[in-house]
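Each chain, letter by letter, is given below.
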Amino acid sequence: MGRTYRNNIEGSFKSSRFRRNLNRLISAPGDSDEDIVTKQIWFFLAIASIAYPAIEMAILASQGIYDIWYLRLGIAVSILALVIYFLITRKHLEALGFLLCFDLILMTGIIQFLKGGLLHLMGIVFIGLGASVLSLIFVSAKKAHFLFGLFLILMVGGTFLQPYMAAGDLTYDLSYKVMYISKFLVGSMALYFGSLYFYWQF
């Protein structure tokens with residue numbers, strides 16, 4: 001069933017004119033179907049990773065908020081550089097995949113610290129978590145484990161080291177933080193290692 005599903009996915013990526021043109025743009029001589037699909041995933045993830053901070057930058061600029069505007073700009077420029085390098089070489093996908101996921105995890109870690117820790121991060125945490133899971137597609141298991149470990153360290157460490165987090169609010173005392181972070185760790189590890197098990201089936 002899994003192999004049939006994968007074959008259907010690979011076939012669908014070749015069927016439309018858009019995808020055929022995309023394949024010519026990103027593929028290199030000798031690429032297998034799996035290589036091309038992996039490059040497509042990386043390319044779409046990279047474009048989305050540029051579009052997201054670009055939209056946020058426009059919103060922040062319209063509100064006159066520039067404290068994290070430059071952070072978004074730095075992330076967008078760094079990922080754009082990766083895309084340009086990829087389109088020129090169409091090679092070194094493992095290194096580019098590692099750098100892209102590392103950028104997204106680092107961005108998530110910095111933003112969560114600036115916003116007051118994990119309890120105040122809301123949906124942005126899923127950017128780093130998603131990058132950790134998607135790294136399984138691009139890099140070796142050892143490097144993916146490193147990225148996931150880095151994500152957890154940044155999230156948990158940033159929360160406990162955040163000196164301005166909910167000052168004076170008894171709702172966020174140490175026991176509450178421990179309970180919240182424990183649930184975060186369980187959920188994150190379940191998603192990551194569940195994805196790892198699923199990936200190993202192929």
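Reading guide: rules and limits
Residues numbered from 1 in each chain as written. Predicted model: local features only at pLDDT ≥ 70, side-chain atom pairs only at ≥ 80, totals over all residues. Heavy atoms only, no water. Patch = residues over 30% accessible without salt bridge, like charges linked within 9 Å, V, L, I, M, F, W, Y side chains within 5 Å. Areas by Shrake-Rupley, 256 points an atom, 1.4 Å probe, with all protein chains shown as cover. Salt bridge = Lys/Arg side-chain N within 4 Å of Asp/Glu carboxyl O. Helix = DSSP H or I, 4+ residues; strand = E, 2+ residues; numbered from the N terminus. Core = buried A, V, L, I, M, F, W, Y, C linked by side-chain atoms within 4.5 Å. Buried < 20%, exposed > 50% of the residue type's maximum accessible area, 1.4 Å probe, protein only. Contact = heavy atoms within 4.5 Å. Axes fitted to C-alpha atoms, helices over the stretch in contact; angles between N-to-C directions. Parallel < 35°, antiparallel > 145°, perpendicular 65-115°, else oblique. Left-handed = near helix turned anticlockwise from the far one by under 90°. Nonpolar A, V, L, I, M, F, W, Y, C, P; charged D, E, K, R; others polar.

## Some details on a nonpolar patch on the surface
Logical step 1: A contiguous nonpolar patch, built from Leu106, Ile110, Phe113, Leu114 and Leu161 and spanning about 450 Å² of accessible area, is present on the exposed surface.
Logical step 2: Per-element accounting of the nonpolar patch gives the leading share, four residues, to helix α5 (residues 93–115).
Logical step 3: The topology assignment puts phenylalanine 113 in helix α5.

## With respect to the environment of leucine 99
Logical step 1: With respect to the helices and strands, the residue leucine 99 is situated in helix α5.
Logical step 2: Leucine 99 sits 17 residues away from leucine 82 along the chain, and the two C-alpha atoms are 8.2 Å apart.

## Here we look at the nonpolar core
Side chains of nonpolar character tend, in soluble globular proteins, to be buried together.
Logical step 1: Within the largest apolar cluster, 42 residues are counted, with the highest numbers of intra-cluster contacts made by Trp42, Leu100 and Phe151.
Logical step 2: Of all the elements in the fold, those that place two or more residues in this core are α2 (17–26), α3 (33–62), α4 (69–89), α5, α6 (125–138), α7 (141–161) and α8 (174–200).
Logical step 3: When sequence neighbours within four positions are dropped, the list of residues in contact with leucine 100 reads Trp42, Leu45, Ala46, Ser49, Ile79 and Leu82.

## Topic: the packing of α6 against α7
Logical step 1: Running from N to C, α6 and α7 point in directions that differ by 165°, and their axes come no closer than 8 Å. By the criterion of interaxial angle, the relationship of α6 to α7 is roughly antiparallel. Between α6 and α7 lies a crossing whose hand is left-handed. Residue-level inspection shows Val125, Gly128, Leu129, Ser132, Ser135 and Leu136 of α6 in contact with α7, the latter providing Ala144, Leu147, Phe148, Phe151 and Met155.
Logical step 2: For the contact of α6 with α7, the per-class residue count stands at eight nonpolar, three polar and no charged.

## Regarding the packing of α5 against α6
The description of two packed helices rests on the angle between their axes and on the distance between the axes.
Logical step 1: Between α5 and α6, the shortest axis-to-axis distance is 8 Å and the interhelical angle comes to 165°. In terms of orientation, α5 lies roughly antiparallel with respect to α6. Considering how the two elements wind past one another, α5 and α6 form a crossing that is left-handed. Where α5 abuts α6, its residues Glu94, Gly97, Cys101, Leu104, Ile105, Met107 and Thr108 lie against Val125, Ile127, Gly128, Ala131, Ser132, Ser135 and Phe138.
Logical step 2: Here the contact of α5 with α6 is built from residues that sort into eight nonpolar, five polar and one charged.

## Here's the deal with the environment of methionine 57
Logical step 1: Mapped onto the secondary structure, methionine 57 falls in helix α3.
Logical step 2: With relative accessibility at 12%, the residue methionine 57 sits in the buried group.
Logical step 3: It is 9.4 Å that separates the C-alpha atoms of methionine 57 and leucine 71, two residues lying 14 residues apart in sequence.
Logical step 4: Beyond its immediate stretch of four places on either side in the chain, methionine 57 contacts Trp69, Arg72 and Leu73.

## What about the pattern of salt bridges?
Logical step 1: Across all of its chains, the model carries three salt bridges by this definition.
Logical step 2: For lysine 39, the salt bridge is made with aspartate 31, and the minimal N-O distance between the two is 2.7 Å.
Logical step 3: The salt bridge involving arginine 72 is made with glutamate 56; its shortest N-O contact spans 2.2 Å. You can see arginine 72 sitting in helix α4 and its partner glutamate 56 sitting in helix α3, a full 16 residues away along the chain. Comparing arginine 72 with glutamate 56, the two get one shared label, buried.

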